[in-house]
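A look at the structure
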Amino acid sequence: MKQSAYIAKILFCLALVAVFAWGCAPRTQPVKSADLLSTPNLLVEADAAWQAKRWEAAELYYAAALERQDLVRSEMPTIYARLAESASANGHYHQARIALEQWANEDTNALERADWERLYLDAMAGLAKTERLRNHLQWVLDSTNVPWATKQQVALWFGEYFRTHEDYVGSLDVLAKFHAQAPDDRDRALLENDYQQHLLGLDDGAVDTLAKAVTPADQWRFPYALVAFERGVRKALDPDAWAASWRTLRDLAASSELVDRVPLETRLAELEARYGLPTIGLALVLPVTGPYAKVGVKILRGAGLAQWRLAQESVNVDLRIINSEAPDWETRLAELPGHFTVVGGPLRVDAFKRLYEPDSPAAGVLEHRAVFAFLSSLGDLSEGKDAWRFFTSHNDEVRSLVSLAVDKLGITDLAVFYPEEKFGRTMAQTFYSEAAPLGGRIKGMQSYPPQDLRQWSKRVGKLLNVPADFSDNKDVPLPLPDFGAVFIPDGWRQAQTLLPNFFFYEGEQLVFLGPGLWSRALDDAKNVDEHYYRLAVCPGAWWDGSDGGKALQSALTEEGLGQADFWVALGYDFLRFAGKFGALPASWDSDLVNKRILKVQDMDFSMAPMTWDDHGKASQDLYLFTPVSNGKQIVDTERIAARIAKAQARRERRMENYEKRIEAESRPPSANPDDTPPAP
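To start, this report covers the structure provided alongside it. (Residues numbered from 1 in each chain as written. Predicted model: local features only at pLDDT ≥ 70, side-chain atom pairs only at ≥ 80, totals over all residues. Heavy atoms only, no water.)

**So, the overall build of the protein chain**
Check the secondary structure of the protein chain and you find 27 helices and 14 strands. Against the compact-globule benchmark of 26 Å for 680 residues, the protein chain has a radius of gyration of 40 Å, which places it well outside the compact range. Structurally, the protein chain occupies a C-alpha span of about 145 × 100 × 45 Å along its principal axes. Residue burial in the protein chain is summarised as follows: out of 680 residues, 49% are buried. Put simply, 68% of the contacts in the protein chain that link residues at least 6 apart link residues at least 24 apart. (Helix = DSSP H or I, 4+ residues; strand = E, 2+ residues; numbered from the N terminus. Rg over C-alpha atoms; globule rule 2.2 N^0.38 Å. Buried < 20%, exposed > 50% of the residue type's maximum accessible area, 1.4 Å probe, protein only. Contact = heavy atoms within 4.5 Å.)

**Concerning the pairing of strand 10 (residues 536–540)**
Counting buried positions along strand 10 yields 5 of 5 residues, so the element is predominantly enclosed. Going residue by residue along strand 10, you find Ala536, Cys538 and Gly540 tucked away on one face and Val537 and Pro539 tucked away on the opposite face as well. As paired elements, strand 10 and strand 13 (residues 623–628) share 3 bridges and run antiparallel to each other. Looking at strand 13, one finds that glycine 540 is bridged to tyrosine 623. (Pairing = 2+ DSSP bridges.)

**Brief notes about the sheet that holds strand 2 (residues 316–323)**
Pairing in this open sheet of 5 strands is parallel, and the strands run 2-1-3-4-5 from one edge to the other. For this open sheet the edge positions go to strand 2 and strand 5 (388–389), each flanked by a neighbour on one side alone. In this structure, strand 1 (residues 279–286) lies alongside strand 2, joined through 8 bridges in parallel fashion. Bridged to alanine 283 within strand 2 is arginine 320.

**Details of unusual backbone geometry**
Of the consecutive residues phenylalanine 222 and proline 223, the connecting peptide bond is found in the cis state with omega at -5°. Take proline 223: it is sitting in the loop between helix 11 (204–211) and helix 12 (224–236). Cis geometry marks the peptide bond from glycine 345 to proline 346, where omega comes out at 0°. Here proline 346 lies in the loop between strand 3 (340–344) and helix 17 (349–353). The backbone of asparagine 465 sits at a positive phi, close to 60°, despite the residue not being glycine. Checked against the element boundaries, asparagine 465 lands in the loop between helix 21 (456–463) and strand 8 (485–487). Positive phi values are uncommon outside glycine, yet asparagine 527 reaches one of about 55°. Considering the arrangement of structural elements, one finds asparagine 527 in the loop between helix 23 (516–522) and strand 10.

**So, the sheet that holds strand 9 (residues 511–513)**
What holds strands together in a sheet is hydrogen bonding between their backbones, with the strands either parallel or antiparallel. The strand order across the open sheet built from 7 strands is 7-6-8-9-10-13-14, with neighbouring strands paired in mixed fashion. Among the strands making up the open sheet, the edge pair consists of strand 7 (441–448) and strand 14 (631–634). Taken pair by pair, the neighbouring strands of this sheet meet at an average axis angle of 30°, ignoring direction. Relative to strand 7, strand 6 (residues 413–419) is paired through 7 bridges, and the arrangement is parallel. (Axes fitted to C-alpha atoms, helices over the stretch in contact; angles between N-to-C directions.)

**Section: the nonpolar core**
Of all hydrophobic cores here, the largest spans 160 residues; its most connected members are Phe158, Phe372, Phe374, Phe390, Ile488 and Phe502. Here this core gets 11 residues from one element, more than from any other, and that element is helix 25 (residues 566–581). Judged by nonpolar contacts, the second largest core, of 25 residues, contains Leu401, Tyr418, Leu513 and Leu624. (Core = buried A, V, L, I, M, F, W, Y, C linked by side-chain atoms within 4.5 Å.)

**Overview of the packing of aromatic side chains**
All chains considered together, the criterion is met by 34 aromatic pairs. Both rings, one in phenylalanine 372 and one in phenylalanine 577, keep their centres 5.5 Å apart while their planes meet at 75°; by these two values the pair is edge-to-face. Here phenylalanine 577 lies in helix 25 and phenylalanine 372 lies in strand 4 (residues 370–373), a separation of 205 residues in the sequence. An aromatic cluster is defined as three or more aromatic residues linked by ring pairs; in this entry it consists of Phe372, Phe374, Trp388, Phe390, Phe574, Phe577, Phe581, Phe605 and Trp612. Note that arginine 82 overlies the ring of tryptophan 50, its terminal NZ or CZ placed 3.8 Å from the centroid. One cation-aromatic arrangement involves lysine 632 over phenylalanine 625; the distance from NZ or CZ to the ring centre is 4.2 Å. (Phe/Tyr/Trp six-rings, centres within 6.5 Å; stacked < 30°, edge-to-face > 60°. Lys NZ or Arg CZ within 6 Å of the ring centre and 35° of its normal.)

**Section: the pattern of salt bridges**
In total, this model carries 34 salt bridges according to the counting rule given. We note a salt bridge from arginine 267 to glutamate 230, for which the minimum N-O separation is 2.6 Å. Placement of arginine 267 in helix 14 (residues 262–275) and of glutamate 230 in helix 12 is noted, with a sequence separation of 37 residues between them. Of the charged contacts, one joins arginine 454 and aspartate 452 as a salt bridge, the two residues approaching to 3.6 Å between their closest N and O atoms. Classification of arginine 454 as exposed rests on a relative accessible area of 72%. Of the residues examined, aspartate 452 reaches a relative accessible area of 27% and is grouped as partly exposed. A network of salt bridges, in which partner residues are shared, links Glu383, Arg389, Asp396, Arg399 and Glu434. (Salt bridge = Lys/Arg side-chain N within 4 Å of Asp/Glu carboxyl O.)

**Digging into the side chain of serine 447**
Here serine 447 lies in strand 7. Residue contacts for serine 447: discarding those within four places in its chain leaves Phe417, Tyr418, Glu420 and Arg459.

**Quick look at the environment of arginine 97**
By the element assignment, arginine 97 lies in helix 5 (residues 93–106). Between the C-alpha atoms of arginine 97 and aspartate 122, which are 25 residues apart in sequence, the distance is 9.3 Å. Not counting the four nearest positions on each side in its chain, arginine 97 is found in contact with Ala123, Met124, Leu127, Lys129 and Arg132.

**Re helix 25**
Owing to its 3.6 residues per turn, the α-helix brings residues three or four apart onto one side. End to end, helix 25 covers 22 Å across 16 residues, agreeing with the expected 22 Å (1.5 Å per residue, within 8%). Most of helix 25 is tucked away, with 15 of its 16 residues classed as buried. By the N-cap criterion, in which a side-chain oxygen at the helix start approaches the backbone nitrogen of a residue two or three places on, helix 25 is capped by aspartate 565, the distance to tryptophan 567 being 3.1 Å. Of the residues flanking the end of helix 25, it is glycine 582, one or two places downstream, whose phi is positive at about 85°. (Expected span 1.5 Å × (residues − 1). Polar contact = N/O pair within 3.5 Å; in protein donor to acceptor, adjacent residues only side chain to side chain.)

**What to know about the side chain of arginine 643**
Along the chain, arginine 643 falls in helix 27 (residues 637–666). Look at arginine 643: it is buried, it has no salt bridge, and the nearest opposite charge is glutamate 530 at 5.4 Å. Reaching out from arginine 643, the side chain makes a polar contact with the backbone oxygen of arginine 534 at a distance of 3.0 Å. Those residues in contact with arginine 643 that sit more than four places away from it in its chain are Arg534 and Leu535. (Lys, Arg positive; Asp, Glu negative; His and termini not counted.)

**Focus on the pairing of strand 6**
Of all 7 residues in strand 6, 7 are buried, a share of seventy percent or more. Across the two faces of strand 6 the burial is the same, with Asp413, Ala415, Phe417 and Pro419 and Leu414, Val416 and Tyr418 all buried. In terms of handedness, the path from strand 6 via helix 20 (residues 422–435) over to strand 7 forms a crossover that is right-handed. Where strand 6 lies against strand 8, 3 bridges are found, and the strand directions are parallel. Note that in strand 8 the partner of valine 416 across the bridge is phenylalanine 487. (Right-handed = clockwise from strand over helix to strand, strands pointing away.)

Shown next, in the form of structure tokens:
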């Protein structure tokens, strides 16, 4: 009764609207009075209005039809459905909801129909029933009676509903959940194709916004792969972005976890036909003759392997080698064709400086090509703006050593013992500046003349505060120094002479921190006297026992290319990095390069992994080694800590024994226990 009264009220309002529209609007097909029509004729008029999408008239007629007593029951589901759709189109969501509820009362299977679900969701959205929508979504997901065809329509509806309400994560998540429920691959493929068609209808801004919800971990599965692919297609329409976009599209078309990748492969083929396969122009500036040729050739061996591997993945790298020892190398670099937008190297500081010195034929190269120097520092240039670094820095070495001492061994008091030359002073200053932020305190700093070996022992004694009369009182234990680790930025050959001096002055409990020079030298070292280096540690960017190191060696062995080492790894990693980085457009700037780096740096390195911050400044998480008789091995922190404790315990026992001896010697001589006192 209450519902009938509501329908009557709706009919009256719609009649007024129809009359008003007929009197004021341009002449259209008139709305006939429902009261003057028989039920069959009323349904004919209703159907005609519905087919013509004259929603006001359709809602009026279908609402009136539901009041007729002679209405055939079999016609009621259609009437309810069309009344709900007409009411929704008119913005009368409450009326649509009533019609749908009546339909469900008439037919308990109505909720399993795709048309009922779509109209119900539209009505709830129009009434802003957010909580009811979420509850209904969960009901459909949990239901085993709702057929897949209906679920697919619900999935697409909610995907768009959440997107238009700026819940982009929810939009993709709901589609992924329904996709996982599909009965078979055929149904999953249909959902994939329907959603891809939906994405085609979105503008660039909508696709870009939706793509922000795609994480690297999710990008290979539905629907994330389709969103990432569509965004890549939109970006590929810009010729300057084609090379970078092509890699994304190729990877998704080949490796996504979609059931049907044919549409992706087809669209990629169309783009390739239009733009061609991108070629990455890469120049390597290396010494391939002269004293450093051995290093340059090793880098090229790794680069050649990477080029071959990339070619198998259809990544075409046009590699040009420029011998930095040749007289005309600067001119050759400057005259490279324009598509050589990325440069690796040089390997020496003096060669790098020639890239920006005014009198050099290569002056201006930094403005036209992104240069990744194989140097520990770019000197006066700004890293991440003028050029970039693809090499271990002195800061990387120092940070790894301080972190070990402070965080792993609990040694916060440190010292520096450095040679009086450029490298030693630079490394000492770097250690000093890097230690404090990591919790280290410099308690001692001492230099020594690198060429005057006779002074080395004296300077070690000065660092350890050895008393001047030590030579005359060698039996007196020396006090423990007020630091637990000492940084010695000098070569491995020098270290072999320096460290025994510390032992001479009872410094066997000290941890000796060496630079990366030690690590590289230890790769070829034999018969190392472990006694002096049991507490020595040095950083390195290459470890043949790492996963990346093993993978590189396996690849080299497969191609018959010999043994892996740091220099081979450098060439291998850089070329793969450049292959992912891609060719730069003519209008590139440092911001674009830094953004590209952030996207490609998450790769499997064979050497110690490198990362770059938002400003393009590189850092490397180095391995730590300790010398052993046949070279070096990865540091065992617990073993180092145990050795420190044992050495300290020996020093303490020696001090205790010395104190006991002094105490005994200072006591007055006691009476002979065999003497018997005289009788009284």
